[in-house]
Amino acid sequence: MDRRLTPFSGRVALEALRGRVAADAFVAGEAGAVAVPLADLCAAPGGARDRQVAMGEPLVVVERRAGHVFVQMGKDGYCGWLAEAEVGPEMVATHWVAVRGTHLYPEPRVQAREKAALPFGARLAVTGGDAKWAEAAGGFVPAMHLRRIGDGFHDPVAVAELFLGAPYLWGGNSAAGVDCSGLVQAAFLACGRACPGDSDMQAAMGAEVAPGAALRRGDLVFWKGHVAMMVDAARIIHANGHSMDVRIEGLEAAMARIAAQGGGDVTGRRRV
């Protein structure tokens, strides 16, 4: 089983795994949500970052251990460790941040000093406000930066383009830093389309584009450890470690550069 998708901390597992893993205990799990603007989901307590998760994203708590919490994320099933302070109670979100990023303010006033930066995709329970400001737990957010839960985009490429110029960050999932698979996941989830978190998982999405067939907008192109999205028949958008940002470039040029750098040839082309 892929440890990234297996809700087993090494000691405690969800009931669904009974008979499949040797756990000390099996639990039903506790519903919760990410309680901070952006958190690192780690492979071990305080360890290396696998991915990032945003405020309000639903999760299931599997185990609490010495200030850390092993969770399974609701959006994609990804499992890992968060700091205990980054996990809050279950939340019924009403809206989500549908722009590259926004801020949480202590009062509905543009001159107020912001309390926190909220990334694209963060989820909020809006309790009041007006046409300009939405009131949520902890403060106020510009209402024009939000959409209601269920009100998504229709074009993943247009979503990816919101991140143009964002710096590259291994395991990153926000415009403050994003990697290739984080960009693809953000784009598809914002359009209401299921998408796993890592490029090797994304390589199983959709159907293979036949060799020689023309690629079109939204198709995914894979190399070993890397994924890009077609903007049109000739150009890709991707977060990459060469330019260290999100940018658009020609597919043929990217293929030649990656091969010259030892990254190999394209390993797959998928239509989702």
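See the structure above.
Quick look at the structure, then.

Tallying secondary structure elements over the chain gives four helices and 25 strands in all. A globule of 272 residues ought to have a C-alpha radius of gyration of about 19 Å, and the chain, at 19 Å, matches this closely. Dimensions of the chain, computed from the C-alpha atoms along their principal axes, are close to 55 × 50 × 30 Å. When each of the 272 residues of the chain is scored for burial, the buried share is 49%. Counted over contacts in the chain with a minimum sequence separation of 6, partners at least 24 positions apart contribute 54%.

Moving on, we get to the sheet that holds strand 21 (residues 220–223). If you walk across this open sheet you meet the six strands as 20-25-21-22-23-24, and the pairing is antiparallel. Edge positions in the sheet fall to strand 20 (207–208) and strand 24 (245–250), since each of these pairs with one other strand and no more. Inspection of the sheet shows strand 22 (residues 226–230) paired to strand 23 (residues 235–240) by two bridges, in the antiparallel sense. Counted as the bridge partner of Met229 is Ile237 from strand 23. Along the sheet, helix 4 (residues 251–260) contacts strand 21, strand 22, strand 23 and strand 24; its crossing angle with strand 24, the most-contacted strand, is approximately 110°.

This part covers the side chain of Ser181. Note that Ser181 resides in helix 2 (residues 180–189). Taking relative accessible area as the criterion, Ser181 reaches 3% and is therefore assigned buried. Here the side chain of Ser181 touches Gly197 through a polar contact of 3.0 Å, landing on its backbone oxygen.

Here the focus is the sheet that holds strand 14 (residues 126–129). The strand order across the open sheet built from three strands is 14-15-16, with neighbouring strands paired in antiparallel fashion. Bordering the open sheet on either side are strand 14 and strand 16 (139–142), each of which pairs with just one other strand. On average, each strand axis in the sheet is inclined to that of its neighbour by 40°, with strand direction left out of account. Relative to strand 15 (residues 133–136), strand 14 runs antiparallel, the two being bridged by three bridges.

Here we come to the side chain of Glu63. Inspection of the secondary structure puts Glu63 in strand 6 (residues 58–65). Taking relative accessible area as the criterion, Glu63 reaches 6% and is therefore assigned buried. One polar contact links Glu63 to Ser9, side chain to side chain, over a distance of 2.5 Å.

In the structure shown here, the tally under the stated rule is six aromatic pairs. Between Trp96 and Phe153, the aromatic rings sit 6.0 Å apart at their centres with planes inclined by 75°, giving edge-to-face as the arrangement. In this pair, Trp96 sits in strand 10 (residues 95–97) while Phe153 sits in the loop between strand 17 (146–148) and helix 1 (156–161), placing the two residues 57 residues apart along the sequence. The two residues Trp96 and Phe153 agree in class, both being buried. Measuring from ring centre to ring centre gives 5.3 Å for Tyr105 and Trp133, while their planes differ by 85°; the resulting arrangement is edge-to-face. In this pair, Tyr105 sits in the loop between strand 11 (101–104) and strand 12 (116–119) while Trp133 sits in strand 15, placing the two residues 28 residues apart along the sequence. You'll find Tyr105 and Trp133 in the same group, each marked buried. Through a chain of ring-to-ring contacts, three or more aromatic side chains come together here, namely Trp96, Phe120, Phe153 and Phe163. We note Arg147 situated over the ring of Phe153; from NZ or CZ to the ring centre the distance is 4.0 Å.

A separate point is helix 2. Taken across its 10 residues, helix 2 has nine buried, putting it largely inside the fold. Inspection of helix 2 places Cys180, Ser181, Gly182, Leu183, Val184, Gln185, Ala186, Ala187 and Phe188 among the buried residues, and these make up the whole buried set.

One pass over the structure, following the stated rule, counts 21 salt bridges. The partner of Arg4 in a salt bridge is Asp2, with the nearest N and O atoms 2.6 Å apart. Residue classification places Arg4 among the buried residues on the basis of a relative accessible area of 14%. Measuring nitrogen to oxygen at the nearest pair gives 3.3 Å for the salt bridge that ties Glu107 to Arg109. By relative accessible area, which is 34% here, Glu107 ends up partly exposed.

Each value, and the rule that gives it
- Think of each chain on its own: its residues are numbered from 1, step by step along the sequence as written.
- Thresholds applied to this predicted model are a pLDDT of at least 70 for local features of residues and 80 or more for the giving and counting of side-chain atom pairs; totals over whole chains, interfaces and linings are not thresholded and use all residues.
- Only hydrogens and water are set aside; all other atoms, that is, all heavy atoms of the structure, feed into the side-chain values.
- Numbering of helices and strands runs from the N terminus, with a helix taken as a DSSP run of H or I at least four residues long and a strand as a DSSP run of E at least two residues long.
- For a compact globule the rule gives 2.2 Å times the number of residues to the power 0.38, and the radius of gyration it is set against comes from C-alpha atoms.
- Note on exposure labels: buried denotes an accessible area under 20% of the residue type's maximum, exposed denotes more than 50%, and partly exposed covers the range between, all computed with a 1.4 Å probe on protein chains only.
- Working rule for contacts: check all heavy atoms of both residues, and any pair within 4.5 Å makes them a contact.
- Being paired, for any two strands, means DSSP has found at least two bridges between them.
- Interaxial angle, 0 to 180 degrees, is taken between N-to-C directions of lines fitted to C-alpha atoms, where a helix line uses only the stretch in contact.
- Contacts described as polar in this section are N or O atom pairs within 3.5 Å, which, within protein, must combine one atom able to donate a hydrogen with one able to accept it, while residues neighboring in sequence count only if both atoms come from side chains.
- Each pair of aromatic rings taken from Phe, Tyr and Trp, with Trp reduced to its six-membered ring, is defined by centres within 6.5 Å and is described as stacked if the planes are under 30 degrees apart, edge-to-face if over 60, and tilted in the remaining cases.
- We call a charge positioned above a ring when the Lys NZ or Arg CZ atom is no farther than 6 Å from the ring centre and deviates by at most 35 degrees from the ring normal.
- Within this document, salt bridges are pairs made up of a side-chain nitrogen of Lys or Arg and a carboxyl oxygen of Asp or Glu, the two lying within 4 Å of each other.

Read these as spatial facts, not as claims about activity.
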